[in-house]
Protein chains: 2
Amino acid sequence: MTTPDEPGTQPAPPASGPSRRRFLGGAALGAAGLVGGAAAGYGIRATQDRPAADTDSGEPSSVAGAVSVDKAAAQVDFYGERQAGITTPQQERLMFASLDVTTTDADELQRLLGRWAAMAARFTQGKPVSDSPGKPLAPPFDTGEAEDLGAYSLTVTVGFGASLFDDRFGLAGKLPAALKPLGTVPGDTTMRENFTGGDLCIQACADDPQVVFHAVRNMVRAARGTATLRWSQLGFGRASATGAGQTTPRNLMGFKDGTNNIHADDTAAVQEFVWVGDETDQQWMNGGSYLVARKIRMEIESWDTDDLEDQEKIFGREKSSGAPLTGGEEFTAIDFNRTGDDGEPVIDINSHVRLSSPEANGGVRLLRRGYNYTDGQDPDTGKLAAGLFFICYQRDPHAQFKVVQARLGSTDLLNEYIAHIGGGVWACPPGVTAAGDWFGKRLFTENS
Amino acid sequence: MTTPDEPGTQPAPPASGPSRRRFLGGAALGAAGLVGGAAAGYGIRATQDRPAADTDSGEPSSVAGAVSVDKAAAQVDFYGERQAGITTPQQERLMFASLDVTTTDADELQRLLGRWAAMAARFTQGKPVSDSPGKPLAPPFDTGEAEDLGAYSLTVTVGFGASLFDDRFGLAGKLPAALKPLGTVPGDTTMRENFTGGDLCIQACADDPQVVFHAVRNMVRAARGTATLRWSQLGFGRASATGAGQTTPRNLMGFKDGTNNIHADDTAAVQEFVWVGDETDQQWMNGGSYLVARKIRMEIESWDTDDLEDQEKIFGREKSSGAPLTGGEEFTAIDFNRTGDDGEPVIDINSHVRLSSPEANGGVRLLRRGYNYTDGQDPDTGKLAAGLFFICYQRDPHAQFKVVQARLGSTDLLNEYIAHIGGGVWACPPGVTAAGDWFGKRLFTENS
């Protein structure tokens, strides 16, 4: 069953055996067959309508507001100093997966991270797991549903949860302070175990849902025997914009979401708020970023009976235009100090836009990257199970997400209509730089 | 709260009251404000990359294999002798909803069907429920999340389940023979109540998921007090092709799905197998079609461990090319009689392609219109909850779907890897012809 030339393609590699190559120490597992394919395409970027983030500096190349020409062919480079999918202009579809590691063998875990890197390098070029379909009497290397579809600007971003840093893999001393559990956050009492946490996460984003599904499915498949799927989420529509050329999408409450988001081409803001730098207590995360995800259920039916005026008061913005209630248009600066004839602030003291603003949070900002979702109906309530799968990236969740969420979770007017029901925090290490490298290599190979 | 000019926009119209207009008898509820808007755009078709079905004849206009220019602006005419969304070239996204009627007032039910028609006419032009956002102290007329998005070739197709024809609305004598319950169908023992049946169905298809979500959400909202959501399903990717210019998509098993589907421009086949004609025992269905939906869960993890050779034997086709195992390429005719060196049929006697073929079913064909889906993880098993949301249209489900499914449900090799877990049968009446008309008007207004 084991074909040494295609180790990354094994759906269920034997835990040990003569044909199993050693991954560590340069023998570069996941390499051989797979990496040959990946290397052939390395550095070649097909026609694309969205520029890849410049992975060398954290500064994306300038974003042209160009009309999409061929979304299917568009590619984002996988290899680079930083992981793609963070400052990359946000694609239209998401599949997010959380996995728990079942092996207790650190080498095996690293082999998985190498397989994943080799697979992601190929998927982001629109290629299947292997150029070969496989042998007739063995499972196909690739599950096949994305054949002929193209890369659709796929990015694959991998992160490590705090739970990975226990005594299983000798990583206890390598938990960054920034990844330590957030502790009690107001509003978190509604979190559900079955949508929360996980040792590893995969964020797959692309402009086609079948492409993101294919990437996650095959990566989960490649994890068999090493890690298992804990929970997953499919997202659609962008719920926030990260590129200067992108218009601001709307969330399922009908409001523009992401007007004041960090734009990927705002180099200074990206450096200050998104990328981990030399200051980190764990140098393996230097050049990485922390992902916080929250599955935020919206009480759609209740929201839909709320008055327009109240909806706008809750957000602090006009629903249609996105302009702040203090006037102007969408991107007009908000005048938080303005009072109305009644002497009350025009932007309510507990409005979402005020509580989440940098002004209310000591200047703190987040790079948001959320998606709308619907899971059909809640079997318990019969209500629409829909909302926002909120994702944000930052340098330090304790200093950023937690600060903002503590405020929102306490007094946000929006809380009447939402509930945080899942999510987690993951450390996304620096990028995979070339064939043979793997996600988080420094975590496993350097002394802290 | 009630604004007589915008009756279709009322999220929760009062069950009775002085401001409520009478719908029947020409006072055309749902008309006034809404229909003014709809009528203004009636007949005007914006630039479109997919032709609308020719609703006068059941013959779609010829399908150009043209490159998509502006998917957002593309529109499919809503008004016509036949409902769009049946022979319309298949769009990329689906939201399907099943509702149960809660009122026992036949007039109120018709008012809902009028509101829906007026809303669908606007949504399919990329317009919100109303040109007005609504009054400040009332809920917004439209939920807003599709503002600025465009129509994305949206079609809205409505159907009636057999359960509607009980004694609630005086429709017991109008149940078409073709809509009578299918009875026992092999393989249906795995159907789940919470994904099955419903008095009404809405099939919304478009090239954008937020557009289909918006359409269904607002229609369900407009049903408040009259009908409630029973179950819903979001689908992605096309799982079968209906237009001659369309390439064959793949299902989540990685196989091309729909190679032998009826093409929308095959006028003879469409007339023979899709549209109900004069022969019907219920003339209100003349010009309509019967929708059968099946939520088919795939055992993804098991499938992914199956050998390529076995997978191809199950389907009777090559996985990558889609060519029949008897040779040629995707569209080569299948030689069901060919035997191999061992004397056995090359196309297995229980292969999916054989059992579902017209040759095995007395020449019967179906117009398939399925979508892939994933609901994340099954909470009971931890496995990926994904598969095919199969939709097909036909003249008579007893003579078509049931015949084929009886064969498939009994001995299809694929049954090891799939389970039918939901679905239903709905009668989709002829189209809404103009402002003031409503879904199924003849059902309610003509004597049988």
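Residues numbered from 1 in each chain as written. Chains lettered and ligands numbered in written order. Predicted model: local features only at pLDDT ≥ 70, side-chain atom pairs only at ≥ 80, totals over all residues. Heavy atoms only, no water.

- Taking an unreviewed UniProt entry as the reference, chain A is identified by name as Deferrochelatase belonging to Nakamurella alba.
- Its UniProt record, at the heading Catalytic activity (unreviewed entry), says of chain A: "heme b + 2 H(+) = protoporphyrin IX + Fe(2+)".
- In the Subcellular location (unreviewed entry) part of its UniProt record, chain A is described as follows: "Cell envelope". (UniProt positions renumbered as here; feature names shortened; annotations may be inferred.)

Observations regarding the overall build of chain A
- Helix and strand counts for chain A come out as 9 helices and 9 strands.
- Counting all 448 residues of chain A, 61% fall into the buried class.
- Across chain A, contacts joining residues at least 24 apart in sequence account for 78% of those joining residues at least 6 apart.
- About 15,600 Å² of surface is accessible on chain A, with carbon and sulfur atoms providing 51% of the total. (Helix = DSSP H or I, 4+ residues; strand = E, 2+ residues; numbered from the N terminus. Buried < 20%, exposed > 50% of the residue type's maximum accessible area, 1.4 Å probe, protein only. Contact = heavy atoms within 4.5 Å. Areas by Shrake-Rupley, 256 points an atom, 1.4 Å probe, with all protein chains shown as cover.)

Here's the deal with the packing of helix α2 (residues 106-123) of chain B against helix α3 (residues 209-222) of chain B
All names here are of chain B.
- α3 packs onto α2 with a crossing angle of 155 degrees between their chain directions and a minimal axis gap of 10 Å. In this view, α2 runs roughly antiparallel relative to α3, as classed from their interaxial angle. Along this stretch, α2 crosses α3, giving a crossing that reads as right-handed. Residue-level inspection shows L112, R115, W116, M119 and F123 of α2 in contact with α3, the latter providing H214, A215, N218, M219 and A222. (Axes fitted to C-alpha atoms, helices over the stretch in contact; angles between N-to-C directions. Parallel < 35°, antiparallel > 145°, perpendicular 65-115°, else oblique. Left-handed = near helix turned anticlockwise from the far one by under 90°.)

Thoughts on the pattern of salt bridges
- Counted under the stated rule, the structure contains 40 salt bridges over all chains.
- Among the salt bridges present, the one from R250 of chain A reaches E147 of chain B, with a minimum N-O distance of 3.6 Å. Taken as a pair, R250 of chain A in the loop between β4 (227-238) and α4 (267-273) and E147 of chain B in the loop between α2 and β2 (155-161) lie in two separate chains rather than in one.
- According to the relative accessible area criterion, R250 of chain A is buried, its value standing at 4%. (Salt bridge = Lys/Arg side-chain N within 4 Å of Asp/Glu carboxyl O.)

Here we look at the relation of the copies chain B and chain A
- Superposing chain B onto chain A takes a rotation of 180 degrees plus a shift of 0.0 Å along the axis, which leaves an RMSD of 0.0 Å. In short, the pair behaves as if placed about a two-fold rotation axis. The rotation axis passes nearest to the C-alpha of D375 of chain B in chain B, at a distance of 3.1 Å.
- When you check the interface residues of chain B against chain A, 98% turn up at the interface there too, and the contact is symmetric in its surfaces. (Least-squares fit on C-alpha atoms with pLDDT ≥ 70 in both.)

Overview of the interface of chain B and chain A
- In this assembly, 55 residues from chain B lie in contact with 54 residues from chain A.
- Where chain B abuts chain A, roughly 4,200 Å² becomes buried across the two surfaces, and 52% of that area is made up of carbon and sulfur atoms.
- The shortest N-O distance in the salt bridge between D304 of chain B and R217 of chain A comes to 2.9 Å.
- In this assembly, chain B and chain A are joined by 28 residue pairs in polar contact (both at pLDDT 80 or more).
- Counting residues per element, the ones that place at least two in the side of chain B that touches chain A are β1 (93-101), α3, β4 (227-238), α5 (300-303), α6 (308-315), β7 (371-377) and β8 (384-394) of chain B.
- The element best represented in the side of chain B that touches chain A is β4 of chain B, accounting for 7 residues.
- Looking at side-chain class alone, the side of chain B that touches chain A contains 21 nonpolar, 15 polar and 19 charged residues. (Buried area = accessible area lost by both parts, 1.4 Å probe. Polar contact = N/O pair within 3.5 Å; in protein donor to acceptor, adjacent residues only side chain to side chain. Nonpolar A, V, L, I, M, F, W, Y, C, P; charged D, E, K, R; others polar.)

A few points about the UniProt feature "domain: Dyp-type peroxidase N-terminal" (unreviewed entry) in chain A
- According to UniProt, the positions carrying the feature "domain: Dyp-type peroxidase N-terminal" (unreviewed entry) are residues 83-236 of chain A.
- Helix makes up 21% of residues 83-236 of chain A and strand 21%. Its end C-alpha atoms lie 22 Å apart.

Re the UniProt feature "domain: Dyp-type peroxidase C-terminal" (unreviewed entry) in chain A
- UniProt records the feature "domain: Dyp-type peroxidase C-terminal" (unreviewed entry) for residues 248-432 of chain A in the present numbering.
- Taken end to end, residues 248-432 of chain A is 18% helix and 22% strand, and its two terminal C-alpha atoms sit 31 Å from one another.

Comments concerning the packing of aromatic side chains
- The full count for this structure, using the stated rule, is 32 aromatic pairs over all chains.
- Where W231 of chain A meets W426 of chain A, the ring centres are 6.3 Å apart and the plane angle is 55 degrees; that geometry is what we call tilted. Taken together, the residues span a long stretch of sequence, with W231 of chain A in strand β4 and W426 of chain A in strand β9 (residues 418-428) at a distance of 195 residues. A single burial state applies to W231 of chain A and to W426 of chain A, both of which are buried.
- By way of ring pairs, the aromatic residues F96, W231, F389 and W426 of chain A are connected into one cluster.
- The aromatic ring of W275 of chain B is capped on one face by R82 of chain B, whose charged end is 4.6 Å from the ring centroid.
- Note that K295 of chain B overlies the ring of Y373 of chain B, its terminal NZ or CZ placed 5.0 Å from the centroid. (Phe/Tyr/Trp six-rings, centres within 6.5 Å; stacked < 30°, edge-to-face > 60°. Lys NZ or Arg CZ within 6 Å of the ring centre and 35° of its normal.)

Topic: the layout of surface pockets
- In this model, the second largest pocket occupies a volume close to 1,200 Å³.
- Lining the second largest pocket are 48 residues; nearest its centre among them are D375 and Q377 of chain A together with D375, Q377 and P379 of chain B.
- Elements that contribute at least two residues to the lining of the second largest pocket include exactly β1 (93-101), β4, β5 (289-298) and β7 (371-377) of chain A together with β1, β4, β5 (289-298) and β7 of chain B.
- For the lining of the second largest pocket, the per-class residue count stands at 16 nonpolar, 16 polar and 16 charged. (1 Å grid on protein atoms, 1.4 Å probe; cavity = no way out; pocket = protein on both sides within 12 Å on 5 of 7 lines; lining within 4 Å. Points joined across faces, edges and corners; volume = space filled by probe spheres on them.)

Looking at helix α8 (residues 401-411) of chain A
Residues and elements named next belong to chain A.
- Three or more residues of α8 are buried, namely F401, V404, Q405, L408 and G409. Down the axis of α8, the sector holding all buried residues measures 125 degrees, keeping them to one side.
- Check the buried side of α8 and you find it contacts β5, α7 (352-355), β8 (384-394) and β9. (Arc of directions from axis to C-beta.)

Here we look at the confidence of the model for chain A
Residues and elements named next belong to chain A.
- Per-residue pLDDT for chain A has a mean of 85; in total, 83% of the residues score no lower than 70.
- Confidence drops under pLDDT 50 across residues 1-68; counting only partners more than four residues distant or on other chains, this segment forms 138 contacts.
- Reported confidences for the modelled complex are a pTM of 0.86 and an ipTM of 0.85. (pLDDT = per-residue confidence, 0-100.)

Regarding unusual backbone geometry
Residue and element names in this part refer to chain A.
- The backbone of D148 sits at a positive phi, close to 75 degrees, despite the residue not being glycine.
- Along the chain, D148 turns up in the loop between α2 (106-123) and β2 (155-161).
- With a relative accessible area of 63%, D148 lands in the exposed category.
- Although it is not a glycine, Y152 adopts a positive phi angle of roughly 50 degrees.
- Following the sequence through the fold, Y152 ends up in the loop between α2 and β2.

Here's the deal with the pairing of strand β3 (residues 200-206) of chain A
Residues and elements named next belong to chain A.
- For β3, the tally of buried residues reaches 7 of 7 residues, placing the bulk of the element in the interior.
- Relative to β3, β1 runs antiparallel, the two being bridged by 7 bridges. Of the residues in β3, the one forming a bridge with S98 is C201.
- Pairing of β2 with β3, which is carried by 6 bridges, proceeds in the antiparallel orientation. Across the sheet, the residue bridging to V156 is A204, located in β3. (Pairing = 2+ DSSP bridges.)

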